[in-house]
Amino acid sequence: MARLILKPGREKSLLRRHPWIFSGAVHRIDGDPGPGETIEVRASTGAFMAWAAYSPSSQITARVWDFSESARIDVDFFRGRLQRAVEMRAAVLNPSRTHAVRLVHGESDGLPGIVVDRYAGVVVIQLSSAGGFRWRDTLVELLAEITKAQTIFERSDAEVLQLEGLAVSVGLRHGAALASAVGVEEDELQLLADVEHGHKTGFYLDQRDNRSLLRTLAPGRAVLDCFCYTGGFTLSALAGGAASVLAIDSSADSLAAARAHLELNRLSGAELLEGDVFQVLRRLRDQARSFDVVVLDPPKFAPTAALAQRAARGYKDINLYAFKLLKPGGLLLTFSCSGGLSRELFQKIVADAAVDAGVDAQILRWLGAASDHPVALGFPEGEYLKGLLCRVAPRARRG
Ligand code: SAH
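Residues numbered from 1 in each chain as written. Predicted model: local features only at pLDDT ≥ 70, side-chain atom pairs only at ≥ 80, totals over all residues. Heavy atoms only, no water.

1. Regarding the side chain of Thr-147
Among the secondary structure elements, Thr-147 is positioned in helix α4 (residues 136–147). A polar contact is formed between the side chain of Thr-147 and the backbone oxygen of Leu-143, at a distance of 2.6 Å. (Helix = DSSP H or I, 4+ residues; strand = E, 2+ residues; numbered from the N terminus. Polar contact = N/O pair within 3.5 Å; in protein donor to acceptor, adjacent residues only side chain to side chain.)

2. Here we look at the pattern of salt bridges
Applying the stated criterion across every chain yields a total of 25 salt bridges. For Asp-66, the salt bridge is made with Arg-81, and the minimal N-O distance between the two is 2.9 Å. Here Arg-81 lies in helix α2 (residues 75–92) and Asp-66 lies in strand β6 (residues 60–66), a separation of 15 residues in the sequence. Across the pair, Arg-81 and Asp-66 agree in class, each one buried. We note a salt bridge from Glu-186 to Arg-211, for which the minimum N-O separation is 3.1 Å. Of this pair, Glu-186 sits in strand β12 (residues 182–186) while Arg-211 sits in helix α6 (residues 208–217), placing them 25 residues apart in sequence. (Salt bridge = Lys/Arg side-chain N within 4 Å of Asp/Glu carboxyl O. Buried < 20%, exposed > 50% of the residue type's maximum accessible area, 1.4 Å probe, protein only.)

3. Topic: the packing of α6 against helix α7 (residues 232–239)
When two helices pack together, their arrangement is given by the angle between the helix axes and the distance between those axes. The N-to-C vectors of α6 and α7 enclose an angle of 35°; their axes lie 7 Å apart at closest approach. Once α6 is placed against α7, the crossing between them reads as right-handed. Along its contact with α6, which presents Asn-210, Arg-211, Leu-214 and Arg-215, the element α7 presents Gly-232, Phe-233, Ser-236, Ala-237 and Ala-239. Its residues placed into classes, the contact of α6 with α7 shows 4 nonpolar, 3 polar and 2 charged. (Axes fitted to C-alpha atoms, helices over the stretch in contact; angles between N-to-C directions. Left-handed = near helix turned anticlockwise from the far one by under 90°. Contact = heavy atoms within 4.5 Å. Nonpolar A, V, L, I, M, F, W, Y, C, P; charged D, E, K, R; others polar.)

4. Quick notes on the environment of Ser-336
Positionally, Ser-336 belongs in strand β18 (residues 326–336). Sequence-distant contacts of Ser-336, that is, excluding residues within four places in its chain, are made with Tyr-315, Leu-341, Phe-346, Tyr-384, Leu-385 and Lys-386.

Below is the structure:
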(Lines give C-alpha, C1' and ligand atoms only; values in the text may rest on other atoms or scores of the structure.)
Protein backbone atom coordinates (compact mmCIF):
# COMPACT_ATOMS: atom_id res chain seq x y z
CA MET A 1 0.00 0.00 0.00
CA ALA A 2 1.27 3.47 -0.86
CA ARG A 3 2.24 5.73 1.99
CA LEU A 4 2.10 9.51 2.39
CA ILE A 5 4.64 11.04 4.76
CA LEU A 6 3.85 14.47 6.16
CA LYS A 7 6.30 17.30 6.69
CA PRO A 8 7.39 17.81 10.30
CA GLY A 9 4.62 19.36 12.41
CA ARG A 10 1.99 19.04 9.68
CA GLU A 11 0.04 16.34 11.51
CA LYS A 12 -1.59 18.93 13.81
CA SER A 13 -4.80 19.32 11.83
CA LEU A 14 -5.18 15.55 11.57
CA LEU A 15 -4.85 15.26 15.34
CA ARG A 16 -7.84 17.62 15.56
CA ARG A 17 -9.72 15.26 13.21
CA HIS A 18 -9.65 17.55 10.21
CA PRO A 19 -9.94 15.24 7.19
CA TRP A 20 -7.96 17.17 4.53
CA ILE A 21 -4.26 16.88 3.74
CA PHE A 22 -3.12 19.79 1.59
CA SER A 23 -0.33 19.34 -0.93
CA GLY A 24 1.86 21.77 1.03
CA ALA A 25 1.86 19.43 4.02
CA VAL A 26 3.16 16.45 2.06
CA HIS A 27 6.83 15.53 2.44
CA ARG A 28 6.76 12.56 0.05
CA ILE A 29 4.67 9.73 -1.27
CA ASP A 30 6.10 6.23 -1.29
CA GLY A 31 4.65 4.01 -3.99
CA ASP A 32 2.59 4.93 -7.03
CA PRO A 33 -1.06 5.22 -5.94
CA GLY A 34 -3.77 5.76 -8.53
CA PRO A 35 -6.56 8.36 -8.18
CA GLY A 36 -8.79 7.56 -5.22
CA GLU A 37 -6.65 4.70 -4.00
CA THR A 38 -6.45 4.22 -0.25
CA ILE A 39 -3.11 5.30 1.15
CA GLU A 40 -1.59 5.24 4.60
CA VAL A 41 -0.76 8.62 6.13
CA ARG A 42 2.11 8.94 8.56
CA ALA A 43 3.67 11.84 10.47
CA SER A 44 7.33 12.70 9.90
CA THR A 45 8.05 10.78 13.11
CA GLY A 46 6.62 7.66 11.50
CA ALA A 47 3.48 7.66 13.67
CA PHE A 48 0.33 6.36 11.99
CA MET A 49 -2.18 9.14 11.28
CA ALA A 50 -4.95 7.95 8.99
CA TRP A 51 -6.22 6.00 6.02
CA ALA A 52 -7.05 8.39 3.21
CA ALA A 53 -8.07 8.59 -0.44
CA TYR A 54 -5.39 9.91 -2.79
CA SER A 55 -6.29 12.81 -5.12
CA PRO A 56 -3.29 13.36 -7.43
CA SER A 57 -4.70 16.41 -9.28
CA SER A 58 -6.14 18.25 -6.29
CA GLN A 59 -4.66 20.83 -3.92
CA ILE A 60 -6.14 18.51 -1.31
CA THR A 61 -3.80 15.59 -1.87
CA ALA A 62 -5.67 13.21 0.40
CA ARG A 63 -8.98 13.02 2.25
CA VAL A 64 -9.22 10.91 5.37
CA TRP A 65 -11.56 7.93 5.51
CA ASP A 66 -10.57 6.86 9.02
CA PHE A 67 -8.15 7.88 11.76
CA SER A 68 -7.84 4.46 13.33
CA GLU A 69 -4.98 2.15 12.34
CA SER A 70 -7.15 -0.93 12.77
CA ALA A 71 -9.77 0.29 10.26
CA ARG A 72 -10.02 -1.35 6.85
CA ILE A 73 -11.36 0.68 3.98
CA ASP A 74 -13.59 -1.86 2.27
CA VAL A 75 -17.25 -2.56 1.51
CA ASP A 76 -18.07 -3.03 5.18
CA PHE A 77 -16.45 0.29 6.05
CA PHE A 78 -18.73 2.09 3.59
CA ARG A 79 -21.77 0.10 4.68
CA GLY A 80 -21.11 1.18 8.27
CA ARG A 81 -20.65 4.84 7.39
CA LEU A 82 -23.74 4.93 5.19
CA GLN A 83 -25.88 3.20 7.80
CA ARG A 84 -24.68 5.58 10.49
CA ALA A 85 -25.56 8.57 8.30
CA VAL A 86 -29.01 7.21 7.41
CA GLU A 87 -29.74 6.41 11.06
CA MET A 88 -28.82 9.91 12.16
CA ARG A 89 -31.47 11.38 9.83
CA ALA A 90 -34.05 8.91 11.08
CA ALA A 91 -33.26 10.02 14.63
CA VAL A 92 -33.47 13.78 14.08
CA LEU A 93 -35.97 14.30 11.23
CA ASN A 94 -39.65 13.64 11.50
CA PRO A 95 -40.34 11.35 8.51
CA SER A 96 -43.90 12.61 8.20
CA ARG A 97 -42.56 16.12 7.66
CA THR A 98 -40.59 15.49 4.51
CA HIS A 99 -39.77 12.99 1.77
CA ALA A 100 -36.70 14.97 0.77
CA VAL A 101 -33.63 14.44 2.93
CA ARG A 102 -29.88 14.72 2.65
CA LEU A 103 -28.73 11.26 3.71
CA VAL A 104 -24.99 11.82 3.45
CA HIS A 105 -23.22 15.16 3.82
CA GLY A 106 -19.64 14.45 2.80
CA GLU A 107 -16.83 15.11 5.25
CA SER A 108 -19.24 15.79 8.11
CA ASP A 109 -20.57 12.22 7.81
CA GLY A 110 -17.08 10.76 7.52
CA LEU A 111 -17.47 10.32 3.76
CA PRO A 112 -15.38 13.04 2.06
CA GLY A 113 -16.55 14.03 -1.40
CA ILE A 114 -19.76 12.00 -1.14
CA VAL A 115 -23.23 13.54 -0.99
CA VAL A 116 -26.44 11.52 -1.10
CA ASP A 117 -29.91 13.04 -1.24
CA ARG A 118 -33.18 11.17 -1.12
CA TYR A 119 -36.36 12.35 -2.87
CA ALA A 120 -39.01 9.79 -1.92
CA GLY A 121 -38.06 6.65 -3.89
CA VAL A 122 -35.25 8.33 -5.79
CA VAL A 123 -31.75 8.55 -4.38
CA VAL A 124 -29.23 10.93 -5.93
CA ILE A 125 -25.52 10.47 -5.41
CA GLN A 126 -23.13 13.36 -6.01
CA LEU A 127 -19.41 12.61 -5.93
CA SER A 128 -16.71 15.27 -5.93
CA SER A 129 -13.46 13.56 -4.99
CA ALA A 130 -11.23 10.89 -6.50
CA GLY A 131 -11.98 8.67 -3.51
CA GLY A 132 -15.70 8.95 -4.07
CA PHE A 133 -15.28 8.19 -7.77
CA ARG A 134 -13.20 5.11 -7.04
CA TRP A 135 -15.87 3.64 -4.77
CA ARG A 136 -18.86 4.62 -6.96
CA ASP A 137 -20.10 1.11 -7.79
CA THR A 138 -19.77 -0.04 -4.18
CA LEU A 139 -21.63 3.04 -2.93
CA VAL A 140 -24.46 2.54 -5.42
CA GLU A 141 -24.86 -1.14 -4.45
CA LEU A 142 -24.84 -0.30 -0.75
CA LEU A 143 -27.33 2.53 -1.19
CA ALA A 144 -29.67 0.19 -3.08
CA GLU A 145 -29.38 -2.28 -0.21
CA ILE A 146 -29.78 0.26 2.61
CA THR A 147 -32.37 2.65 1.16
CA LYS A 148 -34.31 0.21 -1.09
CA ALA A 149 -34.57 3.08 -3.56
CA GLN A 150 -36.39 2.43 -6.83
CA THR A 151 -33.91 4.62 -8.66
CA ILE A 152 -30.36 5.72 -7.97
CA PHE A 153 -29.19 8.58 -10.16
CA GLU A 154 -25.69 10.05 -10.25
CA ARG A 155 -25.26 13.84 -10.46
CA SER A 156 -21.48 14.21 -10.22
CA ASP A 157 -21.31 17.51 -12.08
CA ALA A 158 -20.30 20.06 -9.45
CA GLU A 159 -17.88 22.79 -10.53
CA VAL A 160 -15.25 21.56 -8.08
CA LEU A 161 -14.72 18.43 -10.21
CA GLN A 162 -12.39 20.49 -12.41
CA LEU A 163 -10.15 21.25 -9.44
CA GLU A 164 -10.02 17.54 -8.75
CA GLY A 165 -9.20 16.62 -12.34
CA LEU A 166 -12.35 14.50 -12.55
CA ALA A 167 -14.77 14.26 -15.46
CA VAL A 168 -18.50 14.90 -15.09
CA SER A 169 -20.41 11.68 -14.45
CA VAL A 170 -24.20 11.84 -14.71
CA GLY A 171 -26.74 9.11 -15.32
CA LEU A 172 -28.90 6.28 -14.07
CA ARG A 173 -26.93 3.93 -11.84
CA HIS A 174 -29.61 1.61 -10.48
CA GLY A 175 -33.27 0.72 -10.99
CA ALA A 176 -35.98 2.44 -12.94
CA ALA A 177 -35.29 5.37 -15.26
CA LEU A 178 -36.45 8.83 -14.21
CA ALA A 179 -39.61 9.89 -15.99
CA SER A 180 -39.66 13.55 -15.00
CA ALA A 181 -39.22 15.69 -11.92
CA VAL A 182 -39.67 13.72 -8.69
CA GLY A 183 -42.67 14.67 -6.57
CA VAL A 184 -42.09 14.96 -2.83
CA GLU A 185 -44.02 16.38 0.08
CA GLU A 186 -42.50 18.69 2.67
CA ASP A 187 -44.42 20.42 5.42
CA GLU A 188 -47.63 19.67 3.50
CA LEU A 189 -46.35 21.34 0.35
CA GLN A 190 -46.02 19.42 -2.91
CA LEU A 191 -42.56 19.90 -4.37
CA LEU A 192 -40.97 18.84 -7.64
CA ALA A 193 -37.27 18.06 -7.72
CA ASP A 194 -35.69 18.03 -11.15
CA VAL A 195 -33.05 15.51 -10.21
CA GLU A 196 -31.55 15.36 -13.68
CA HIS A 197 -31.17 19.06 -14.47
CA GLY A 198 -31.97 21.07 -11.32
CA HIS A 199 -29.46 22.88 -9.11
CA LYS A 200 -27.50 20.71 -6.70
CA THR A 201 -29.43 17.42 -6.81
CA GLY A 202 -32.75 19.10 -7.66
CA PHE A 203 -33.77 21.17 -4.66
CA TYR A 204 -32.31 23.27 -1.83
CA LEU A 205 -32.82 20.81 0.98
CA ASP A 206 -30.51 22.83 3.24
CA GLN A 207 -33.04 25.68 3.53
CA ARG A 208 -35.86 23.50 4.93
CA ASP A 209 -35.85 24.95 8.45
CA ASN A 210 -35.54 28.50 7.15
CA ARG A 211 -38.51 27.96 4.85
CA SER A 212 -40.58 26.88 7.83
CA LEU A 213 -39.31 29.86 9.83
CA LEU A 214 -40.48 32.17 7.05
CA ARG A 215 -43.83 30.44 7.08
CA THR A 216 -44.34 31.40 10.72
CA LEU A 217 -43.29 35.00 10.04
CA ALA A 218 -45.39 35.44 6.90
CA PRO A 219 -49.03 35.94 7.97
CA GLY A 220 -50.41 39.14 6.46
CA ARG A 221 -46.99 40.31 5.31
CA ALA A 222 -45.71 41.67 2.00
CA VAL A 223 -42.73 39.47 1.16
CA LEU A 224 -39.89 39.98 -1.31
CA ASP A 225 -38.12 36.72 -2.27
CA CYS A 226 -34.83 37.46 -4.04
CA PHE A 227 -33.07 34.67 -5.97
CA CYS A 228 -36.23 32.57 -5.68
CA TYR A 229 -35.13 29.65 -7.94
CA THR A 230 -38.13 27.25 -8.05
CA GLY A 231 -39.91 29.16 -5.30
CA GLY A 232 -39.05 27.35 -2.09
CA PHE A 233 -39.37 30.44 0.09
CA THR A 234 -42.26 31.85 -1.95
CA LEU A 235 -44.36 28.71 -1.44
CA SER A 236 -43.67 28.72 2.29
CA ALA A 237 -44.55 32.40 2.62
CA LEU A 238 -47.87 31.91 0.82
CA ALA A 239 -48.64 28.72 2.73
CA GLY A 240 -48.06 30.75 5.89
CA GLY A 241 -50.57 33.38 4.83
CA ALA A 242 -48.42 36.11 3.29
CA ALA A 243 -50.50 38.95 1.83
CA SER A 244 -48.28 39.04 -1.25
CA VAL A 245 -44.96 37.77 -2.54
CA LEU A 246 -42.76 39.35 -5.19
CA ALA A 247 -40.26 36.69 -6.30
CA ILE A 248 -37.24 37.52 -8.44
CA ASP A 249 -34.86 35.31 -10.38
CA SER A 250 -32.76 35.81 -13.50
CA SER A 251 -33.57 32.36 -14.85
CA ALA A 252 -36.76 31.97 -16.90
CA ASP A 253 -36.61 28.19 -16.41
CA SER A 254 -36.48 28.55 -12.65
CA LEU A 255 -39.45 30.93 -12.72
CA ALA A 256 -41.40 28.47 -14.89
CA ALA A 257 -40.71 25.79 -12.27
CA ALA A 258 -41.79 28.20 -9.54
CA ARG A 259 -45.04 28.85 -11.43
CA ALA A 260 -45.65 25.10 -11.71
CA HIS A 261 -45.06 24.81 -7.94
CA LEU A 262 -47.64 27.53 -7.25
CA GLU A 263 -50.24 25.84 -9.44
CA LEU A 264 -49.55 22.41 -7.98
CA ASN A 265 -50.16 23.78 -4.48
CA ARG A 266 -53.06 26.04 -5.57
CA LEU A 267 -51.35 29.04 -4.06
CA SER A 268 -51.98 32.52 -5.38
CA GLY A 269 -50.71 35.96 -4.48
CA ALA A 270 -47.23 35.73 -5.96
CA GLU A 271 -45.80 37.90 -8.71
CA LEU A 272 -42.82 36.29 -10.45
CA LEU A 273 -40.33 38.68 -11.97
CA GLU A 274 -37.48 37.78 -14.30
CA GLY A 275 -34.50 40.04 -13.73
CA ASP A 276 -31.15 40.72 -12.15
CA VAL A 277 -31.67 41.18 -8.42
CA PHE A 278 -28.97 43.85 -8.25
CA GLN A 279 -30.89 45.97 -10.76
CA VAL A 280 -34.41 45.12 -9.63
CA LEU A 281 -33.68 46.13 -6.03
CA ARG A 282 -32.54 49.55 -7.22
CA ARG A 283 -35.62 49.90 -9.38
CA LEU A 284 -37.92 48.95 -6.51
CA ARG A 285 -36.18 51.54 -4.38
CA ASP A 286 -36.66 54.21 -7.08
CA GLN A 287 -40.34 53.28 -7.14
CA ALA A 288 -40.46 53.76 -3.34
CA ARG A 289 -41.72 50.21 -2.87
CA SER A 290 -41.46 48.66 0.58
CA PHE A 291 -41.85 45.22 2.13
CA ASP A 292 -42.43 43.65 5.54
CA VAL A 293 -40.11 40.72 4.90
CA VAL A 294 -37.17 40.38 2.49
CA VAL A 295 -35.42 37.08 1.73
CA LEU A 296 -31.94 37.18 0.18
CA ASP A 297 -30.69 33.74 -0.82
CA PRO A 298 -28.12 34.41 -3.54
CA PRO A 299 -25.92 31.86 -5.30
CA LYS A 300 -22.39 31.26 -4.09
CA PHE A 301 -20.57 34.53 -4.74
CA ALA A 302 -17.35 33.15 -3.20
CA PRO A 303 -16.68 29.49 -3.93
CA THR A 304 -13.20 29.83 -2.43
CA ALA A 305 -11.61 31.95 0.29
CA ALA A 306 -9.55 33.73 -2.40
CA LEU A 307 -12.71 35.21 -3.91
CA ALA A 308 -14.21 36.33 -0.58
CA GLN A 309 -13.24 39.99 -0.95
CA ARG A 310 -14.95 40.44 -4.28
CA ALA A 311 -17.93 38.49 -3.08
CA ALA A 312 -18.17 40.76 -0.04
CA ARG A 313 -19.10 43.67 -2.32
CA GLY A 314 -21.95 41.67 -3.83
CA TYR A 315 -23.36 40.70 -0.44
CA LYS A 316 -23.02 44.25 0.84
CA ASP A 317 -24.88 45.66 -2.15
CA ILE A 318 -27.94 43.41 -1.95
CA ASN A 319 -28.20 43.67 1.83
CA LEU A 320 -27.95 47.46 1.65
CA TYR A 321 -30.87 47.63 -0.77
CA ALA A 322 -32.85 45.07 1.17
CA PHE A 323 -32.55 47.26 4.29
CA LYS A 324 -33.66 50.27 2.28
CA LEU A 325 -36.73 48.40 1.04
CA LEU A 326 -37.82 47.18 4.47
CA LYS A 327 -40.57 48.95 6.36
CA PRO A 328 -39.84 49.98 9.96
CA GLY A 329 -40.12 46.80 12.01
CA GLY A 330 -39.51 44.72 8.87
CA LEU A 331 -37.61 41.45 8.79
CA LEU A 332 -34.64 40.39 6.70
CA LEU A 333 -33.69 36.75 6.16
CA THR A 334 -30.27 36.97 4.58
CA PHE A 335 -28.00 34.11 3.55
CA SER A 336 -24.58 33.27 2.19
CA CYS A 337 -23.77 29.78 0.97
CA SER A 338 -20.17 30.72 0.11
CA GLY A 339 -17.85 28.23 1.75
CA GLY A 340 -15.02 30.76 1.49
CA LEU A 341 -16.81 33.41 3.58
CA SER A 342 -16.87 33.05 7.36
CA ARG A 343 -19.92 33.67 9.51
CA GLU A 344 -18.08 36.54 11.22
CA LEU A 345 -17.30 38.26 7.94
CA PHE A 346 -20.84 37.75 6.67
CA GLN A 347 -22.29 39.30 9.81
CA LYS A 348 -19.90 42.25 9.46
CA ILE A 349 -20.97 42.78 5.85
CA VAL A 350 -24.65 42.81 6.86
CA ALA A 351 -23.86 45.23 9.71
CA ASP A 352 -22.05 47.57 7.30
CA ALA A 353 -24.99 47.37 4.89
CA ALA A 354 -27.39 48.48 7.65
CA VAL A 355 -25.16 51.43 8.53
CA ASP A 356 -24.99 52.53 4.90
CA ALA A 357 -28.74 52.10 4.50
CA GLY A 358 -29.25 54.34 7.54
CA VAL A 359 -31.18 51.80 9.61
CA ASP A 360 -30.71 50.31 13.03
CA ALA A 361 -31.25 46.57 13.06
CA GLN A 362 -30.98 43.68 15.45
CA ILE A 363 -30.15 40.04 14.90
CA LEU A 364 -33.05 37.92 16.14
CA ARG A 365 -31.53 34.61 15.12
CA TRP A 366 -28.49 33.01 13.54
CA LEU A 367 -29.60 30.70 10.77
CA GLY A 368 -27.98 27.75 9.10
CA ALA A 369 -28.59 24.54 7.23
CA ALA A 370 -31.08 21.96 8.48
CA SER A 371 -29.82 19.14 10.69
CA ASP A 372 -29.54 16.67 7.81
CA HIS A 373 -26.58 18.87 6.78
CA PRO A 374 -24.46 18.39 9.92
CA VAL A 375 -21.08 19.99 10.52
CA ALA A 376 -18.43 17.70 11.98
CA LEU A 377 -16.78 19.50 14.88
CA GLY A 378 -13.38 18.83 13.36
CA PHE A 379 -14.45 20.25 10.00
CA PRO A 380 -15.67 23.85 10.38
CA GLU A 381 -15.58 24.26 6.57
CA GLY A 382 -18.71 22.12 6.62
CA GLU A 383 -20.68 25.17 7.75
CA TYR A 384 -21.14 26.65 4.28
CA LEU A 385 -24.68 28.03 4.71
CA LYS A 386 -24.87 31.02 7.03
CA GLY A 387 -27.83 33.23 7.61
CA LEU A 388 -29.25 35.95 9.81
CA LEU A 389 -32.76 36.92 10.73
CA CYS A 390 -32.61 40.67 11.30
CA ARG A 391 -35.27 43.16 12.33
CA VAL A 392 -35.15 46.78 11.35
CA ALA A 393 -35.95 49.05 14.29
CA PRO A 394 -39.51 50.41 14.17
CA ARG A 395 -38.73 54.13 13.97
CA ALA A 396 -35.01 54.31 13.67
CA ARG A 397 -34.55 55.51 10.11
CA ARG A 398 -31.98 58.23 10.09
CA GLY A 399 -31.53 58.98 6.44
N1 SAH B 1 -33.76 30.55 -2.69
C2 SAH B 1 -33.73 29.38 -3.56
C3 SAH B 1 -32.33 29.02 -3.99
C4 SAH B 1 -31.56 30.12 -4.66
S5 SAH B 1 -30.34 29.55 -5.76
C6 SAH B 1 -34.42 28.21 -2.85
O7 SAH B 1 -34.57 28.25 -1.63
O8 SAH B 1 -34.78 27.26 -3.53
C9 SAH B 1 -29.83 31.00 -6.52
C10 SAH B 1 -30.74 31.50 -7.61
O11 SAH B 1 -30.27 32.78 -7.96
C12 SAH B 1 -30.77 30.71 -8.91
O13 SAH B 1 -32.09 30.34 -9.19
C14 SAH B 1 -30.23 31.65 -9.98
O15 SAH B 1 -30.94 31.55 -11.20
C16 SAH B 1 -30.47 32.99 -9.37
N17 SAH B 1 -29.56 34.08 -9.73
C18 SAH B 1 -28.23 34.09 -9.82
N19 SAH B 1 -27.76 35.33 -10.04
C20 SAH B 1 -28.84 36.15 -10.10
C21 SAH B 1 -29.03 37.54 -10.25
N22 SAH B 1 -27.99 38.37 -10.41
N23 SAH B 1 -30.29 38.04 -10.24
C24 SAH B 1 -31.34 37.22 -10.05
N25 SAH B 1 -31.23 35.88 -9.87
C26 SAH B 1 -30.00 35.36 -9.88
